[in-house]
Every structure is written in C-alpha cells, then in structure tokens.
Amino acid sequence: MQQRQLGTHGPGVSALGLGCMGMSTAYGVPDDAESVRTLDRAAELGVTLLDTADAYGRGANEEFLGRWLRGRTAAQRDGLVVATKFGLRHDAATGRVNEVDSSAAWVREACHASLRRLGTDRIDLYYLHRRDPAVPIEETVGALAELVAAGAVRYLGLSEVSPQTLRRAHAVHPISAVQLEYSLFTREVVEGEMLATCRELGIGVVAYSPLGRGMLTGALASRDDLTAEDARRRWPRFSEANIDRNLRLVQAVRAAARALGCTPAQAVLAWLLAQGEDIVPIPGTKRRAYLEENAAAAGIALPPEQAARLRASVPDGAVSGERYPLAALERLGH
C-alpha cells in the first residue's frame, strides 16, 4: 500500500485508511467474526489508518477495535495509526446524539474513556468530532495540547469545522488532519476555501464517506436493499423522494468505471486520491471482499481525462437531498 503524509505535522499513513464504524453500528447488523477477519486482512494489505469514534455505538466500536488491538504484538501496534473522535454525547434513554460538548473538562474525560475502551496507552490521532460554537476553540485545543504533552495523544485533528475555526485551532497547537465528507457526491465541503486553508497551513484532509455511504459503489438497486436496521433509511439522500434520482447519477459513474476497467468503488476512490497527495480517503466496511476491492484503488493511475469524466458524471448540484438529517446538519461547520 502506498503511503501518504497527514499534513506537515502529522504521521505517515496508508493512502487508504479503514473506517470502522459500520463494524458496530449504522449499516445493518454487525458481524464481529467477519469484522475481525477484515481487520486482519487490512493489516496484511498494509492499511495502517484505522478510524473510529466514541460516538459509534456509544463506545462499542472503540471496545471492538480495542479487543482486536490487544491481539497485536507491540511492533504491529506501533505500525498502526489509530484515530478516534470525541465531542458528541448521547441521550441515556434513546441512545441518540443529543449534545455537542467540546469543553476542556470533557476533552480530558472523553480521552481517558477512549483510552480505556481501546485498551491502549495513547491515541495516535485524536479528533474533535463536532464543535460547540459556545466553547472557544482555543479552550478545546488547549486541553488537547495538554494531552499531547502528557503522552496520551500523539497528533490532533478536527472534523467538520469552518476554515476560520481551523486557523484559530492551528494557532494554539499544530493540527495534523481535518476529517471532512468528500466524494463525487459531496465536493462542496472540501473544494474551495477549506482545501486552500488546509494546504496553506500544511494540514491533511481525511475524506470520510468517500463512497457516498455506499451509494457510489453501485451495489444498491433501490431503497428496498437497505435493511430495517440500516441508519441510511433516515438520511435524505436515501429517502423515497431522492434515492432514484441519485441512483441514476451512479449509472454514469458505473459507465466511467467500465471505461477504466475497474469497479465503481475503485473509480471513485482513485478519483479522490488523484485530487492531491494530501488527501486520504477512509472507506468503511466490515467485509473482506469490499476491503480488498477498495484497497486495489490505490494502485490505479487515473488519467486526467478519466478524472474529468468522473467529475462530470455527477454535475454540481445534481445530487438530491442533504447529506445529513437536519439535526445533524446543524452541528456542522462551526
């Protein structure tokens, strides 16, 4: 697997990481045995960036990853970059996220809880998942910097913040990476001022949901393919009003992939990798077959004309529906 640098101040990681959320929550029924085999295969393929968060299954995903990490040797663990996130808190009764907390006190409490669940003595890359705009970012990053000084955290990241917040944070302590949704379906979040700011400051971009939450793989034929437990049923782009129009866009992506001689997933991941050496996609899966398919995208050299064709297959403004439900949208971009 090719390697990329996460920003001027960050770690070296595999060109493609692995999103672990779906191993525990959101996308259908978990399959722990297959997820363990997928993590094992990721290690064999040289995938070193593993992404989780304390919000994924209210800590269940960190605990799952922690059990797998405990089976690694010290040398194997040292070769991994384990990333997790904090800042979202859940309602005890419903289990749904009901609060954003980026206070200094919660920084420390959340970090120690994640360390315990992961069964590790340090978090390699620690992100603020969402920011409470009422809490100065200087307070949050100052507390994170204390964790770095104490050796509990190696590198700092932010997720879904504004360029202005990123600048203020970076002035307190170097930020290594910003996690943002970035795919052929969601380009406006990154392209423009945010990407320019990251490149000016020397900060890497970690692209989550690079496959459009699975829609861009071409594996979905209709909304009926989503199980009753699948969280995507609540998301606007997968609603009855929008999904058919979005799936028509996927057909154009499939045609471009055929011209490349690869799968749609590989084509869209290769497109993202071609947008710059500072971009690291983290497609998520709990299946070895999909992991292997995704990892092969790192070896695809995408000609400029094919990159342009892929971009044109999803014209600006063509995707129907917001990328999140309203309550989640309100937590973005602060």
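In the nomenclature of an unreviewed UniProt entry, the protein corresponds to Aldo/keto reductase from the organism Streptomyces mooreae.

Chemist: Go over the sheet that holds strand β11 (residues 204-208), please, and point to the residues and values.
Modeler: Read across the open sheet, the eight strands follow the order β3-β4-β5-β8-β9-β10-β11-β12; overall the sheet is parallel. Each having just a single partner strand, β3 (18-19) and β12 (279-281) make up the two edges of the open sheet. Pairing geometry for strand β9 (residues 153-159) and strand β10 (residues 177-181), over three bridges, is parallel. If you follow Ser159 over to β10, its bridge partner there is Gln179.

Chemist: Quick one: what's the story with unusual backbone geometry, residue by residue and with numbers?
Modeler: Positive phi is not limited to glycine here, since Ser209 has a value of about 50°. You can call Ser209 buried: its relative accessible area is 15%. Its identity as a non-glycine residue notwithstanding, Arg213 has a phi of 55°, on the positive side. Summarising the element assignment, Arg213 is placed in the loop between β11 and α8 (243-260).

Chemist: How would you sum up helix α4 (residues 104-118)? Please name residues and give values.
Modeler: In an α-helix, one turn spans 3.6 residues, which is why side chains three or four residues apart end up on the same side. Look at α4: 21 Å from first C-alpha to last across 15 residues, which is about the 21 Å you get at 1.5 Å a residue. Turning to α4, its buried residues are Ala104, Trp106, Val107, Ala110, Cys111, Ala113, Ser114, Leu115, Arg117 and Leu118. Its buried side turned inward, α4 meets α2 (60-69), β5 (81-86), β6 (88-90), β8 (123-128), α5 (137-150) and β9. Positive phi appears at Gly119, one or two residues downstream of α4, with a value of about 65°.

Chemist: Can you tell me about the packing of aromatic side chains, naming the residues and giving the values?
Modeler: This model, assessed by the stated rule, comprises three aromatic pairs. Judged by centre distance (6.4 Å) and plane angle (90°), the rings of Tyr27 and Trp235 are edge-to-face. Of this pair, Tyr27 sits in the loop between β3 and α1 (32-45) while Trp235 sits in the loop between β11 and α8; the two residues are 208 residues apart in sequence, bridging distant segments of the chain. Assessed through its relative accessible area of 12%, Trp235 is described here as buried. Here Arg232 stacks its cationic end above the ring of Tyr27, 4.6 Å away from the centre of that ring.

Chemist: Any details on the packing of α8 against helix α11 (residues 304-313)? Residues and values, ideally.
Modeler: With their axes 8 Å apart at the nearest point, α8 and α11 run at an angle of 165° to one another. In terms of orientation, α8 lies roughly antiparallel with respect to α11. For the pair α8 and α11, the crossing hand works out as right-handed. For the pair α8 and α11, the contacting residues are Leu249, Ala252, Val253, Ala255, Ala256, Ala259 and Leu260 in the first and Gln306, Arg309, Leu310 and Ser313 in the second. Of the residues belonging to the contact of α8 with α11, the class tally is eight nonpolar, two polar and one charged.

Chemist: Tell me about the nonpolar core, and name the residues and values.
Modeler: Counting residues in each nonpolar core, the largest one holds 84 residues, and the members touching the most others are Leu18, Leu39, Tyr126 and Leu166. Formed by 16 residues, the second largest nonpolar core is a distinct cluster that contains Leu49, Val81, Ala177 and Tyr208.

Chemist: Provide a residue-level description of the side chain of Arg213, including the pertinent values.
Modeler: Judged by its relative accessible area of 8%, Arg213 is buried. Only 3.0 Å separates the side chain of Arg213 from the side chain of Glu181, close enough to count as a polar contact. A polar contact of 3.2 Å, which involves the side chain of Arg213, links it to the side chain of Tyr324.

Chemist: Give me the pattern of salt bridges: which residues, what numbers.
Modeler: Pairs may arise between side chains of opposite charge once their charged atoms sit close together. Summed over the entire model, instances satisfying the criterion amount to 25 salt bridges. With its nearest N and O atoms 3.1 Å apart, the salt bridge here joins Glu34 to Arg37. Within this pair, Glu34 and its partner Arg37 are both found in helix α1, separated by three residues, close to a single helical turn. Looking at Arg37, the relative accessible area reads 38%, which means it is partly exposed.

Chemist: I'd like to hear about the environment of Ile279, residue by residue, with values.
Modeler: Here Ile279 shows up in strand β12. Here the alpha-carbon distance between Ile279 and Gly204, two residues 75 residues apart in the chain, equals 6.2 Å. Setting aside anything within four residues of it in sequence, one finds Ile279 in contact with Arg4, Tyr182, Arg199, Val205, Ala207, Leu272 and Leu273.

Chemist: Which residues make up the packing of α1 against helix α10 (residues 288-295), and what are the values?
Modeler: Following both chains from N to C, one finds α1 and α10 inclined at 25°, their axes separated by 9 Å at the closest point. Compared by their axis directions, α1 and α10 come out roughly parallel. Note on packing geometry: the crossing formed by α1 with α10 is right-handed. Residues Glu34, Arg37, Thr38, Arg41, Ala42 and Leu45 of α1 form the contact with α10, whose participating residues are Arg288, Leu291, Glu292 and Ala295. Class assignment for the residues of the contact of α1 with α10 results in four nonpolar, one polar and five charged.

Reading the values: the criteria
Each chain carries its own residue numbering, running from 1 in the written order of its sequence. A pLDDT threshold of at least 70 governs which residues receive local features in this predicted model, and a stricter bar of 80 or more applies before side-chain atom pairs are shown or counted, although totals over entire chains, interfaces and linings include all residues. The side-chain quantities take in all heavy atoms of the structure and omit both hydrogens and water. Pairs of strands are assigned from DSSP output, requiring at least two bridges between the strands. Strands here mean DSSP runs of E at least two residues long; helices mean DSSP runs of H or I at least four residues long; both are numbered from the N terminus. The cut-offs for exposure are 20% and 50% of the maximum accessible area for each residue type, with area from a 1.4 Å probe on protein chains only; residues under the lower value are buried, those over the upper are exposed, and the others partly exposed. What a helix should span is 1.5 Å times the count of its residues minus one. We call two residues contacting when some pair of their heavy atoms lies within 4.5 Å. In this analysis, rings of Phe, Tyr and Trp, with Trp reduced to its six-membered ring, are considered paired at centre separations within 6.5 Å, and the interplanar angle assigns stacked below 30 degrees, edge-to-face beyond 60, and tilted for intermediate values. As a reminder, the over-ring test applies to NZ of lysine and CZ of arginine, requiring each to be within 6 Å of the ring centre and within 35 degrees of the ring normal. To get an axis, fit a line to the C-alpha atoms, keeping to the stretch in contact for a helix; angles then go from 0 to 180 degrees between the N-to-C directions. Each angle is binned into one of four classes, with values under 35 degrees roughly parallel, values over 145 roughly antiparallel, values of 65 to 115 roughly perpendicular, and all other values oblique. Helix crossings fall into two classes, left-handed where the near helix is turned counterclockwise from the far one by less than a right angle and right-handed where it is turned clockwise. For this classification, Asp, Glu, Lys and Arg are treated as charged, while Ala, Val, Leu, Ile, Met, Phe, Trp, Tyr, Cys and Pro are nonpolar and the rest, including Gly, are polar. Buried Ala, Val, Leu, Ile, Met, Phe, Trp, Tyr and Cys residues that are joined via side-chain atoms within 4.5 Å together make up what is termed a nonpolar core. Residues adjacent in sequence count toward polar contacts only when both atoms are side-chain atoms; beyond that, a polar contact is any pair of N or O atoms within 3.5 Å, and within protein one must be able to donate a hydrogen and the other to accept it. Any Lys or Arg side-chain nitrogen found within 4 Å of a carboxyl oxygen on Asp or Glu counts as a salt bridge.

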